Amino acid sequence: MTHDERNDAAETSDEELASARGEILVYQTEDGATRIECRFEEDSIWLSQTLLAELYQTSKQNIGMHLRNLFQEQELDAAAVVKHFFTTARDGKRYRVRHYSLDAIIAIGYRVRSQRGTQFRRWATERLREYLVKGFVMDDERLKNPPGPGVPDYFDELLERIRDIRASERRMYLRVKEIFTLAADYDTSDAETTRFFQHIQNKLHYAATGHTAAELISQRADHRQANMGLTNWEGDTVRSRDVTVAKNYLSAGEIDDLNRMVVMWLDFADNQARRRQQIFMQNWQDKLDQFLAFNDWPVLDGYGRMRKRSADDKAKGEYRQFDARRRALKEAEGEADTLRALEDIARQAPQRDDDNGDNQG
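Residues numbered from 1 in each chain as written. Predicted model: local features only at pLDDT ≥ 70, side-chain atom pairs only at ≥ 80, totals over all residues. Heavy atoms only, no water.

Caption draft 1: Looking closely at the overall build of the chain. Counting its secondary structure elements, the chain contains 14 helices and six strands. Of all 361 residues assigned to the chain, the portion counted as buried reaches 35%. For the chain, contacts bridging at least 24 residues in sequence account for 61% of all contacts bridging at least 6. Element-wise, carbon and sulfur atoms account for 47% of the exposed surface of the chain, whose accessible area totals about 23,000 Å². (Helix = DSSP H or I, 4+ residues; strand = E, 2+ residues; numbered from the N terminus. Buried < 20%, exposed > 50% of the residue type's maximum accessible area, 1.4 Å probe, protein only. Contact = heavy atoms within 4.5 Å. Areas by Shrake-Rupley, 256 points an atom, 1.4 Å probe, with all protein chains shown as cover.)

Structure below.
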């Protein structure tokens, strides 16, 4: 261990200094030639300059040069990617050693010129291509073989995100439509098919919340509430298209219940469809009722107390009031900023006049 590496954290406070409690992961390169002990802490992997040099098969000086360039060019913020850990050296003494997070490890991989750097870039490009083409990247082996204690296992998070995706209105509609096409009386041009899909949605919303989609929108759309009562919306601000989607008003717990319900029913319906038995559209409604009852969820009888069009009209009316109030607040904030700027100018003006008078005297 070099003198520079032992003392590169001399100005770091004890509060900023990480202890040795972080888990140690062993990373082995794909060619099996190098095994690196990586410290795992705060949802990131941390390596010292020495280990970075070993990983990319280059010199520690070369790693230091790339790090300096990354910080000088402001591609990375040193405060965010640098952490100090106690490390036991060969002499048995413990030293404070600077470590760099995964963001820095990846950034160096794109700059270092070595065979290992080339391997990293090829690996990263393959993963990026898979993400851009398929929309996801997965580490199958890691998911099949969860990490040891102390290292987070993100499998449950993956399942939750998949449930949310499968339960999205567009994806659910496409999947249900594929299943419905196997019904003997299915007609793509029949508006009744669309109404039937909406009825399926209402039954699922009712089972999760005790209200149909129209009832949820009508009851929860409120221009007086923050974000009009919505809990989810597209983009950075609430827009008119968001207020007529019932799922946007659900709490986190309700969304989780609905997502689980939808995924379970889609699997059930898909299994029924794969058996290729003749079935009619009404049979799907009956099977959904049976599915909900079997799982002890409330079953909607009829079509609910409110029509979707009436609920949408109410939500749009609430949105117009909400949007008008939002615009007024933004205009008021703009006027306040303008007044403050004018006041600053006014305070400076007498000082300039006094200065000019002094100069003339």
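Now that the structure is up, let's keep going.
Caption draft 2: Just helix α9 (residues 169-180), in detail. Here α9 contains 12 residues, and its C-alpha end-to-end distance of 16 Å stays within 8% of the 16 Å for a straight helix at 1.5 Å per residue. Burial in α9 covers these residues: Met172, Val176, Ile179 and Phe180. Buried residues of α9, seen end-on, are gathered within an arc of 95 degrees and therefore sit on one face of the element. (Expected span 1.5 Å × (residues − 1). Arc of directions from axis to C-beta.)

Caption draft 3: Representation of the environment of Phe280 in the model. With respect to the helices and strands, the residue Phe280 is situated in the loop between α12 (252-274) and α13 (281-294). Along the sequence, Phe280 and Leu182 sit 98 residues apart, while their C-alpha atoms lie 8.4 Å from each other. Residues contacting Phe280, with those up to four places away along its chain left out, are Ala183, Ala184 and Asp185.

Caption draft 4: Spatial organisation of the packing of helix α2 (residues 49-56) against helix α3 (residues 60-72). Interhelical geometry of α2 versus α3 gives an angle of 105 degrees and a closest axis separation of 8 Å. With respect to α3, the element α2 is oriented roughly perpendicular. On α3, the residues that touch Gln49, Thr50, Leu52, Ala53 and Tyr56 of α2 are Lys60, Ile63, Gly64 and Leu67. Classifying every residue of the contact of α2 with α3 by side-chain character gives five nonpolar, three polar and one charged. (Axes fitted to C-alpha atoms, helices over the stretch in contact; angles between N-to-C directions. Parallel < 35°, antiparallel > 145°, perpendicular 65-115°, else oblique. Nonpolar A, V, L, I, M, F, W, Y, C, P; charged D, E, K, R; others polar.)

Caption draft 5: Representation of the packing of α12 against α13 within the structure. Taken N-terminus to C-terminus, the directions of α12 and α13 make an angle of 130 degrees; their axes are 11 Å apart at the nearest point. The orientation of α12 relative to α13 falls into the category oblique. For the crossing formed where α12 meets α13, the hand is right-handed. When α12 is examined against α13, the residues Met261, Met264, Trp265, Phe268, Ala269, Gln272 and Ala273 are found in contact with a partner set consisting of Trp284, Lys287, Leu288, Phe291 and Leu292. Counted by class, the contact of α12 with α13 contains 10 nonpolar, one polar and one charged residues. (Left-handed = near helix turned anticlockwise from the far one by under 90°.)

Caption draft 6: Quick look at the nonpolar core. Judged by nonpolar contacts, the single largest core of 43 residues is most densely connected at Leu204 and Trp284. Taken together, the elements giving at least two residues each to this core come down to α9, α10 (191-209), α11 (213-220), α12, α13 and α14 (308-360). A per-element tally of this core places α12 first, with eight residues. Here Trp284 is in contact with Ile179, Phe180, Ala183, Phe196, Ala269, Gln272, Ala273 and Ile279, once residues within four sequence places are set aside. Residues Cys38, Tyr56, Leu70 and Phe120 belong to the second largest nonpolar core, which totals 20 residues. (Core = buried A, V, L, I, M, F, W, Y, C linked by side-chain atoms within 4.5 Å.)

Caption draft 7: Examining the pattern of salt bridges more closely. For the structure on display, the rule yields 17 salt bridges. Between Lys134 and Glu130 there is a salt bridge, and its shortest N-O distance comes to 3.6 Å. You can see Lys134 and its partner Glu130 sitting in helix α6 (residues 115-134), four residues apart, about one turn around the helix. Classification of Lys134 as exposed rests on a relative accessible area of 53%. (Salt bridge = Lys/Arg side-chain N within 4 Å of Asp/Glu carboxyl O.)

Caption draft 8: Quick look at the confidence of the model for the chain. In this model, the chain carries a mean pLDDT of 81, and residues with pLDDT of at least 70 account for 83%. Across residues 1-22, confidence stays below pLDDT 50; counting only partners more than four residues off in sequence or on other chains, it has 45 contacts. (pLDDT = per-residue confidence, 0-100.)

Caption draft 9: Inspection of the pairing of strand β4 (residues 44-48) at higher detail. For β4, the tally of buried residues reaches four of five residues, placing the bulk of the element in the interior. With two bridges joining them, β4 and strand β6 (residues 94-100) adopt antiparallel strand pairing. Across the sheet, Leu47 pairs through a bridge with Tyr100, a residue of β6. (Pairing = 2+ DSSP bridges.)

Caption draft 10: Summary view of the pairing of strand β5 (residues 82-88). In this structure, β5 lies alongside β6, joined through seven bridges in antiparallel fashion. Residue pairing in the sheet places Phe86 in a bridge with Arg96 of β6. Adjacent in sequence and paired antiparallel, β5 and β6 are bridged by five residues, among which Gly92 carries a positive phi angle near 85 degrees.

Caption draft 11: Looking closely at a nonpolar patch on the surface. Side chains of Leu128, Tyr131, Leu132, Val133 and Val137 sit close together on the surface and give an oily, nonpolar patch of about 520 Å² of accessible area. Looking at Val137, the relative accessible area reads 37%, which means it is partly exposed. (Patch = residues over 30% accessible without salt bridge, like charges linked within 9 Å, V, L, I, M, F, W, Y side chains within 5 Å.)

Caption draft 12: Representation of the environment of Ile217 within the structure. By the element assignment, Ile217 lies in helix α11. Judged by relative accessible area, which is 0%, Ile217 ranks as buried. If near-sequence neighbours (up to four positions away) are discounted, Ile217 is found in contact with Val243, Thr244, Val245, Ala246, Tyr249, Lys308, Ala311, Asp312 and Ala315.

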